[in-house]
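Given next are the chains, with one letter for each unit.
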Amino acid sequence: MSPVQFASRVPLSDYASVIGDAEIEELRTLAKPLAGRTVEMVNSTAVGGGVAEMLNRLVPLAEELGLNIRWEVMTGGEDFFEVTKAFHNALHGEPYHADARHFDVFRSYNGLNLKRIPLDAEFVVIHDPQPAGLIQARKNGKSRWIWRCHIDLSHPNRAVWDFLEGYVSKYEGAIFSSPQFARQLDIPQYLIHPAIDPLSEKNQELEPEFVMEVLARYSIDPLRPILTQISRFDRLKDPVGVVRAYQIVRRYFDCQLVLAGGSASDDPEGAEVLREVKGVAEGDPDIKILELPAWAPLEVNALQRASTIVIQKSLREGFGLTVSEALWKKKPVVASAVGGIPTQVIHKHTGMLAHSVEGTAYQIRFLLSHPEIATRLGEQGHQHVKENFLITNNLKRYLTLFLTLNRETKDRQSYRLR
Amino acid sequence: MEEQKRGVTLEIAETPFEFFTVAHLTRISNLSAGTLAELLSGLEQCSDASIFHHTFQTLSSHHFLTEGFSNDFAQWVLADANRDALAEQLAALDIRDYTSIAALRDDLCHAVREYTGQYPEFAHQQALERFYFCESVEVTLPFGLNARTLDEFLSGVKRLSHAAFYFHFISSRLRLHLGTNDFSHWLANSLGLKHLAENINRIDIYTNTLDSARAKLLRLVERERRKHEPSTIREPSAAV
């Protein structure tokens, strides 16, 4: 029984309608040799954020397959989470001035959690930098420890990475979301893409009436092309660039632009970006800037489904799962070739990549002029997500990882016996 | 086992066909390339598991792309290095022609070496994004299903996942070291159905998705079954 309680459990068989019986049967076959084996997932939050969202689905599914899996959440004071947020930004390459007290806070809370969390499973998966220090609980030969990094480590702050690497190098492997996010490490590095849940409120099928109702609520005309970007009001998502691209497209097509993101009221930088966006959009009633409530998955789903083209014009990006969400809904996507986006958008196959405002505008115009190509990209994008970016694929990768580690353990044991 | 004859009830194979389940884990290697020269060096140095990953394995995970997608090397040369002619040459390599990774590696290297020799000005031109060499770690498990007859074979193939179907139909060439696949090999050698085996081996995986390739295979097997039912009017064999 996992210490984290799950709000809802979706049985594996429900996914058969999405991926087919054969794929479900395959998961059961892969899980069979792992029945009863203990697995522990550890992260730093039970709610909010992509990692918690993913574990909320993954852990119950693995449990249903017979794994003895539990999910532990580390605890920490405000000072700890301030430090780890600073570390997070620094690992993303943002400026950071190394402070020895920060490293002490990190060590101290990891130490406290070492006493609190029973880290005795055969496979221990530690998610992200916050609990990385728990590796000190590893006893040689007893269990297999893997560090799952969900962030982009391609240009980290040297001081923070050097500190963290001391822990990471003690793991038996690290998992990254994309090859370009990885570091040159001496331990094996594995690739597991993040994933979306096709049965979640954000991705499930919707009644057309509900989609129309959402459009009416925000005064969006369903009869004219709708271009949409769903993202925070963050400079790195370049909402101003999206408006500029739309303004170019607008010379050729009578279309609308929807920019929808969470409320920026408690985020000073977000509020400033929102002001800038409203400034460049001023006077155009066809630009809808929507500040959605913090958790509005059905509205996001409806807006994506109603869109003619979905845009993700980020200047920098993590994996960018909103792209997979749009592709899953068979939407043609025009996106920047940054972060994990090119893994999802294979140029001219599952969407269009662009490198500038002008390029983004050009690709949108091209797709509006060639709806048959847009439809084909949307169909292929859907297949791409189905093959590679669904929660069931994620589950399969973890099962394969545990089977691989298991095989290595057996090989090591048989070597010792020789 | 007796050779099969038309109009005779199908025999039971002595050696059953054993269905497997397969899963791949991707390992990120420490090799990457930002230019064609670096790609060539990477192709020369990388592991066999890496060549397999970017050719055999990638075709499986992108099987739904039936126009213009062949392997990761060709896609990178096209989309990031912007060298269409070389991309075409790399994409034209058909993995079904290879029964060893060494031979495939030689041809990939040859294509890049020839091109950079002919156009040295492009050899060191920086690509938009780097190419990251990865490797496939394969895990296979018995599916718990065997076939001794054509009927059992048919029902087994229907139950296979995409990955398992691909494992038996495409990557098997590397295991068998033959220009054929597990299905055709068993049908020809254990049931004596050489013509059916050949027709199945002709199914083009580059212009079919895994679903449509499987549907074609199943149709061919169904047709073969009907041929062996005495009361059924025989149909002419259809081209795949």
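Residues numbered from 1 in each chain as written. Chains lettered and ligands numbered in written order. Predicted model: local features only at pLDDT ≥ 70, side-chain atom pairs only at ≥ 80, totals over all residues. Heavy atoms only, no water.

## As for the pairing of strand S1 (residues 38-43) of chain A
All names here are of chain A.
Line of reasoning, step 1. With five of its six residues buried, S1 lies for the most part within the structure.
Line of reasoning, step 2. Relative to strand S2 (residues 68-73), S1 runs parallel, the two sharing six bridges. Across the sheet, Thr38 pairs through a bridge with Asn68, a residue of S2.
Line of reasoning, step 3. As defined by bridge partners, S1 adjoins strand S3 (residues 123-127) across four bridges and the pair is classed as parallel. Note that in S3 the partner of Val42 across the bridge is Ile126. (Buried < 20%, exposed > 50% of the residue type's maximum accessible area, 1.4 Å probe, protein only. Helix = DSSP H or I, 4+ residues; strand = E, 2+ residues; numbered from the N terminus. Pairing = 2+ DSSP bridges.)

## A word on the side chain of Ser143 of chain A
All names here are of chain A.
Line of reasoning, step 1. Within the fold, Ser143 resides in the loop between S3 and strand S4 (144-148).
Line of reasoning, step 2. Judged by relative accessible area, which is 8%, Ser143 ranks as buried.
Line of reasoning, step 3. Within the structure, the side chain of Ser143 is placed 3.1 Å from the side chain of Trp145, a separation counted as a polar contact.
Line of reasoning, step 4. If we ignore the near neighbours within four places in the chain, the residues touching Ser143 are Ala121, Glu122, Arg138 and Glu172. (Polar contact = N/O pair within 3.5 Å; in protein donor to acceptor, adjacent residues only side chain to side chain. Contact = heavy atoms within 4.5 Å.)

## Points about the pattern of salt bridges
Residue and element names in this part refer to chain A.
Line of reasoning, step 1. Taken as a whole and judged by the stated rule, the model has 37 salt bridges over all chains.
Line of reasoning, step 2. Among the ionic pairs, Glu63 bridges to Arg9, the shortest N-O distance being 2.7 Å. Remark: Arg9 occurs in the segment before helix H1 (16-19) and Glu63 occurs in helix H3 (residues 50-64); sequence separation between them is 54 residues.
Line of reasoning, step 3. One salt bridge in this structure joins Glu299 and Arg217, with 3.1 Å as the shortest N-O distance. With a gap of 82 residues between them, Glu299 in helix H10 (residues 297-306) and Arg217 in helix H7 (residues 208-217) connect regions that are remote in the sequence.
Line of reasoning, step 4. Arg217 sits in the partly exposed class, given a relative accessible area of 41%.
Line of reasoning, step 5. What emerges from the salt-bridge pattern is a single network uniting Asp221, Arg224, Arg250, Asp254 and Asp286. (Salt bridge = Lys/Arg side-chain N within 4 Å of Asp/Glu carboxyl O.)

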